[in-house]
Structures are given as C-alpha cells and as structure tokens.
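For reference, the chains in residue letters:
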Amino acid sequence: MTGLDTLRPRLPSPLQELSDPRFARHGLRLLLKRDDLIHPELVGNKWRKLAPNLTAAAGRTVVTFGGAYSNHLRATAAAGRLLGLPTVGVVRGEELADRPLNPSLARCAADGMRLHFVDRPTYRRKTEADVLARVLRAVDAEDAYVVPEGGSNALAVRGCRALGEELSGRADVVAVACGTGGTLAGLAAGLGPGQRALGTAVLKGGFLTAGARALQREAFGGPRGDWTVDDRFHFGGYARTTPELDDFAEDFENRHGVPVERLYVAKLLYGLAALAEEGAFPRGATLAAVVTGRPFT
C-alpha cells in the first residue's frame, strides 16, 4: 500500500477572511477554514478522520457504513483507489440493491468499493457484535478493519484535534456542521483557552450532544473544551434542503466565489448568519466556519 504521505495533503488548510455585510453590520469578522482544499478527493474532515484509520488498517480491507448519499462512503472509496486498499461499503436500505445506483454510490463503485445493501433493522443494529459479525461474513471480510458510520471513532476524533490546534488563538468561535459529532469532539479538544466550538446539526433527532460527549470520553477519557450544538438548522433532516437554503448558498457563492456544499456547509453558514442576526455573538468577535466539503460533481 502506498503511504498516506504520498497523497500530499495541504496542511494546515488555508484560513480565508471574507467581507460579508450580514456579519460586518454586527461587528463580526468571518473567517473560512478551508478544509475543502486539503486534498482533491479526501476532502476536509474526511481526511482528518480517515487518515489515522487508514494507517491503523495496515493494508487490510476496510469495511464501513453509510446511507445512499454518504460523503464518508465516497471518501473511503476514493482512499481505497488512491492507496490500493480494498474497501466495502455497507449501505442502509436493502431495497436499493435492485435500483440503479445514484451518482454518489456510482462514484463509490467506480472507485472500486464493493457495495453491500442491508435492511434498515439490520443497519440500526450494526454496532452489535453479533450483527456486525454476520455482516462481515456476508461480505467475506471477517478480518477487515471496520470504520464506523461517518468515520467517527476515537482515532478520528484525535485526528480532528489538529483542526482545533490549527485554529488556536485565531477565532473566538469556531463553527462546524455535524453529522455524527466526531469532528466537533476533536475540534473542541484542540482549541485554546477562551475559544469555543459550535456544532450545527445537519439532521434531526437532537442526539449529537450526547454523541459528541461519548466520543470525547472514548478518545480522551472525558470532556474536552468548550462546545455546544445547535439543532435548529437541519432544514428537514439529513440530505434535505429547501429553496430558502439553496438561495442562501447560491448568494454566498456569488458574493464570495466559494463553492458551497449543500448538505453540510450551507446549513452551517446559514446558521451562523441567523445567529449573528439574533445577536448571539458579541461585537468584535471573530467567527471561523470550517468548510468541511465541496459540492459533489
């Protein structure tokens, strides 16, 4: 297997200041932490989460999990192609097996990932030892290295701590969109004194605070940093958008020339603008938004 260092990640990722009246009129500076520029295919927090897990895999087949539009599955498949590593994606929804692949899953397959579709009850129980063992037997990968849904485990959280360290002293509030809470858990641990992290949930359920807290216990033995989750800006749930969100994202792109990924980044930026309008941040504060991905093409 080719080493990860040969992929030449751009680290630390760039920090870009924007002039945006929606923030400036409240006396706020807005920075973008351009993790979308780390690597052309292992974008953003996917690099930070996957790199330590791919190292731990040590050439074994990597089995991981995701829905039909999972950014994590695409990133894992791309990593497998780039590194010559076999990958298997366990996809939620047995009914999808008989349908044409959507563009996201088609990209996974083109990158060499074997796709295995499971029914939703099985998927919900995928972390149970007997269920996981059954899935691994079904894909003929009983000795595989298993990465959880969204890539969030202790190794990934510790990998994301570097994100906070790169932003230490650079902003008062660092905000990131959250699907599993792993990036937030690591980011918060790496920030310096007086800084806080803010997670914007991109799916419904209100479980991310508990999830991020559990990941910090797993990664660090207990809570780390000052952080909170805002559950108000999911726009209907994961992989869902609305015309209002699309209009906001298109306007942001036109103003700043920055491509805005809709499922995570658009919700983060919309949430920050709404919070600024609510007076959630003191005048003079510097906000940093982590751009964890870019639009899928």
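Residues numbered from 1 in each chain as written. Predicted model: local features only at pLDDT ≥ 70, side-chain atom pairs only at ≥ 80, totals over all residues. Heavy atoms only, no water.

Novice: Mind showing me how you'd approach the environment of Y264 here?
Specialist: Within the secondary structure layout, Y264 lies in the loop between α10 (243-256) and α11 (265-278). Residues Y264 and A274, spaced ten residues apart in sequence, show a C-alpha to C-alpha distance of 16 Å. In contact with Y264, other than residues within four places in its own chain, are N71, A177, C178, G179, V202, Y238 and T292. (Helix = DSSP H or I, 4+ residues; strand = E, 2+ residues; numbered from the N terminus. Contact = heavy atoms within 4.5 Å.)

Novice: Sorry if this is basic, but what is going on with the pairing of strand β2 (residues 29-33) here?
Specialist: In regular strands, side chains alternate between the two faces of the sheet. Taking burial as the measure, the five residues of β2 include four buried ones, the bulk of the element. Of the pairings in the sheet, the one linking strand β1 (residues 15-18) to β2 comprises four bridges and is antiparallel in character. Its bridge partner being in β2, E17 is matched across the sheet by L31. Two elements, β2 and strand β10 (residues 286-290), share five bridges in a ladder whose sense is parallel. By the bridge assignment for β10, L32 is matched with A289. (Buried < 20%, exposed > 50% of the residue type's maximum accessible area, 1.4 Å probe, protein only. Pairing = 2+ DSSP bridges.)

Novice: Would you mind going over the sheet that holds β10 with me for this structure?
Specialist: Adjacent strands of a sheet pair through backbone hydrogen bonds, lying either parallel or antiparallel. Across the sheet, six strands lie side by side as β1-β2-β10-β7-β8-β9; this open sheet has mixed pairing. In the strand order of this sheet, the two ends are held by β1 and β9 (227-230), each with one partner. For this sheet, the mean angle separating the axes of adjacent strands, direction not counted, is 25°. (Axes fitted to C-alpha atoms, helices over the stretch in contact; angles between N-to-C directions.)

Novice: Got a minute to help me understand the packing of aromatic side chains in this structure?
Specialist: The relative placement of two aromatic rings is captured by the distance of their centres and the angle of their planes. Per the stated rule, a full pass over the model turns up six aromatic pairs. With a centroid separation of 6.4 Å and 70° between ring planes, the pair formed by F65 and Y123 is classed as edge-to-face. Of the two residues, F65 is situated in strand β3 (residues 62-66) and Y123 in helix α5 (residues 120-124); the sequence distance between them amounts to 58 residues. Aromatic pair F248 and F252: ring centres 6.2 Å apart, planes at 35°, arrangement tilted. Here F252 and F248 lie together in helix α10, a separation of four residues that amounts to about one turn. For the pair F248 and F252, a shared accessibility class is recorded, and that class is buried. By the ring-pair criterion, three or more aromatic residues cluster together here, those being F233, F235, F248, F252 and Y270. Over the ring of F296 we find R74, and its NZ or CZ is 3.9 Å from the ring centre. Positioned above the aromatic ring of Y123, the side-chain terminus of R92 is 5.3 Å from the ring centre. (Phe/Tyr/Trp six-rings, centres within 6.5 Å; stacked < 30°, edge-to-face > 60°. Lys NZ or Arg CZ within 6 Å of the ring centre and 35° of its normal.)

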